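Working through the structure, step by step
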Amino acid sequence: MDTHQDLRAAVRELCASFPDTYWRELDAKRAYPETFVKALTDAGYLAALIPEEFGGSGLGITEAAVIMEEINRSGANAGACHAQMYTMGTLLRPGSDVQKREYLPKIASGELRLQAFGVSEPTTGSDTTQLKTMAVKKGDLYVVRGQKIWISRAEHSDLLLLIARTTPIDQIKKRTEGLSVFLVDLRAAVGHGLTIRPIRTMMNHATTELFFDDLEIPASTLIGEEGRGFRYLLDGLNAERILIAAECIGDGRWFLERAGKYARERVVFGRPIGQNQGVQFPIARAHVNVEAANLMCVRAAELFDRGEPCGAEANMAKLLAADASWEAANVTVQTFGGFGFAEDYDIERKFRETKLYQVAPISTNLILAYIGEHVLGLPRSY
């Protein structure tokens, strides 16, 4: 039984004010959904994981997942704002009381926007332990030099959660040591050592690359202890996996609703095309897989909210949901035929958007490597 019906209904009501035409026009212009993000912020949805004492809702990852799912199920794109959810794990636990009091109320109210997460680099890919961007301590400052890539929404954020190396890689004993987390004020950084360059991609995802050229940031921007950033990063990664899985489930359900409606109404050779098993069965199988992925997502969220280990479940939820949404996307294009490629039906837009999640924020192969080693006890594959 779904105990979040009121929350789902409220999110759907908000999203109804942003119909397909809104997203279609933004997609054509590669524009950021400012009005939509402001509406979500004003309604308090992007502050779901922020404790009530700091102006948030104090909800769990389960409720955050419901919000993300319903946004995508409505035909919108939660990717425009989901980082504000999953960065909370990295900020809330190791962050100091001073930092929480300074930033969280302003993030919750929308006065500040935390939508950018600076991890990936051009030469290291998925091997986070080999990051090369350096932050060198000089008195009360850190001087940052390096490059990040695939950093979404940097042009639409006030703050950036940055992962940088504070100990040279040849001076560490363990691969996971020597990395630190900083909360960078982009308003002060851009033009003073930070350059942001947009990257045009196949979907409207506001993606950029960042160039740090001796950017000076206050030492007070360090989150937690120096050198423990990889451990802090893990606090956010499971949340990220669960929320992305929820978004994929929302996409999958959106696709299947469109495919089902079209298959019932489209008449060819004197009968609805959905009466043909060649059309009906792929839709039915895609539905089964979306629902199965949803169960794993719910399981992972429950474990996360109880503070129990959930790395395996979060990763499996992300893999299953990404695969299920992509299967539903393909089935829907096949069901619509030529109309599936027409912009006015929105299938091709959502098709492009949901494909991303088989690649990012973690690829399918990396998840399989994690499961192989940490769940099945197989030899490390990389």
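Reference entry: report on the structure contained in this document. (Residues numbered from 1 in each chain as written. Predicted model: local features only at pLDDT ≥ 70, side-chain atom pairs only at ≥ 80, totals over all residues. Heavy atoms only, no water.)

**Describing the overall build of the protein chain**
Helix and strand content of the protein chain: 13 helices and ten strands. Against the 2.2 N^0.38 benchmark of 21 Å for 382 residues, the protein chain shows a C-alpha radius of gyration of 21 Å, consistent with a compact globule. C-alpha atoms of the protein chain, sized along the principal axes, occupy 80 × 50 × 40 Å. The 382 residues of the protein chain split such that 54% are buried. When contacts within the protein chain are restricted to residue pairs at least 6 apart in sequence, those whose partners lie at least 24 apart make up 73%. Averaged over its 43 positive side-chain charges, the protein chain has a centre that lies 4 Å from the centre of its 49 negative ones. (Helix = DSSP H or I, 4+ residues; strand = E, 2+ residues; numbered from the N terminus. Rg over C-alpha atoms; globule rule 2.2 N^0.38 Å. Buried < 20%, exposed > 50% of the residue type's maximum accessible area, 1.4 Å probe, protein only. Contact = heavy atoms within 4.5 Å. Lys, Arg positive; Asp, Glu negative; His and termini not counted. Charge placed at Lys NZ, Arg CZ, Asp CG, Glu CD.)

**Some thoughts on helix α11 (residues 311–336)**
Spanning 26 residues, α11 covers 38 Å between terminal C-alpha atoms, matching the ideal 38 Å at 1.5 Å per step. Backbone geometry just after α11 places Gly337 at a positive phi near 65°. (Expected span 1.5 Å × (residues − 1).)

**Observations concerning the side chain of His4**
Assignment of secondary structure puts His4 in the segment before α1 (5–15). In terms of polar contacts, His4 uses its side chain to reach the side chain of Glu63, at 3.0 Å. Dropping the residues within four chain positions of it, His4 is found in contact with Thr62, Glu63 and Val66. (Polar contact = N/O pair within 3.5 Å; in protein donor to acceptor, adjacent residues only side chain to side chain.)

**What about the packing of aromatic side chains?**
Summed over all chains, the structure comprises eleven aromatic pairs. Pairing Tyr22 with Trp23 gives two aromatic rings, centres 5.2 Å apart and planes at 90°, and the pair type is edge-to-face. Owing to a relative accessible area of 17%, Tyr22 belongs among the buried residues under this scheme. Taken together, a centroid distance of 4.9 Å and an interplanar angle of 75° make the contact between Trp23 and Phe36 edge-to-face. Taken as a pair, Trp23 in helix α2 (residues 20–29) and Phe36 in helix α3 (residues 34–42) lie far apart in primary sequence, 13 residues in all. Comparing Trp23 with Phe36, the two get one shared label, buried. One Lys or Arg, Lys350, reaches over the ring of Trp254 and ends 5.8 Å from the middle of that ring. Lying over the aromatic face of Tyr382, Arg380 brings its terminal NZ or CZ to 4.4 Å of the ring centre. (Phe/Tyr/Trp six-rings, centres within 6.5 Å; stacked < 30°, edge-to-face > 60°. Lys NZ or Arg CZ within 6 Å of the ring centre and 35° of its normal.)

**Regarding the pairing of strand β3 (residues 141–152)**
In this structure, strand β2 (residues 134–138) lies alongside β3, joined through five bridges in antiparallel fashion. Its bridge partner lying in β3, Lys138 is registered against Leu141. Counting the residues between successive antiparallel strands, the hairpin from β2 to β3 contains two residues, one of them, Gly139, with a positive phi of roughly 65°. The pairing of β3 with strand β7 (residues 207–218) spans eleven bridges and is antiparallel. Across the sheet, Val143 pairs through a bridge with Glu216, a residue of β7. (Pairing = 2+ DSSP bridges.)

**A look at unusual backbone geometry**
Across the junction of Ala360 and Pro361, the peptide omega takes the value 0°, indicating a cis bond. Residue placement: Pro361 occurs in the loop between α12 (347–355) and α13 (364–375). In this model, Arg153 sits at a positive phi of 70°, which is unusual for a non-glycine residue. Secondary-structure assignment places Arg153 in the loop between β3 and β4 (159–165). Relative accessible area serves as the criterion here: at 3%, Arg153 is assigned to the buried category. One non-glycine residue, Asp346, lies in the positive phi region at around 70°. Tracing the backbone through its elements, the reader meets Asp346 in the loop between α11 and α12.

**What about the pattern of salt bridges?**
Evaluated as defined, the whole model comprises 26 salt bridges. The closest approach of N and O atoms between Arg258 and Asp20, which form a salt bridge, is 3.0 Å. Of this pair, Arg258 sits in helix α9 (residues 229–265) while Asp20 is found in helix α2, placing the two residues 238 residues apart along the sequence. Looking at Asp20, the relative accessible area reads 17%, which means it is buried. Across the salt bridge formed by Arg253 and Glu69, the nearest N and O atoms sit 2.5 Å from each other. Of the two residues, Arg253 sits in helix α9 while Glu69 sits in helix α4 (residues 61–73), which places them 184 residues apart along the sequence. For Arg253, a relative accessible area of 12% gives the class buried. Among the charged side chains, a salt-bridge network with shared partners connects Arg8, Arg12, Glu69, Glu70, Arg253 and Glu291. (Salt bridge = Lys/Arg side-chain N within 4 Å of Asp/Glu carboxyl O.)

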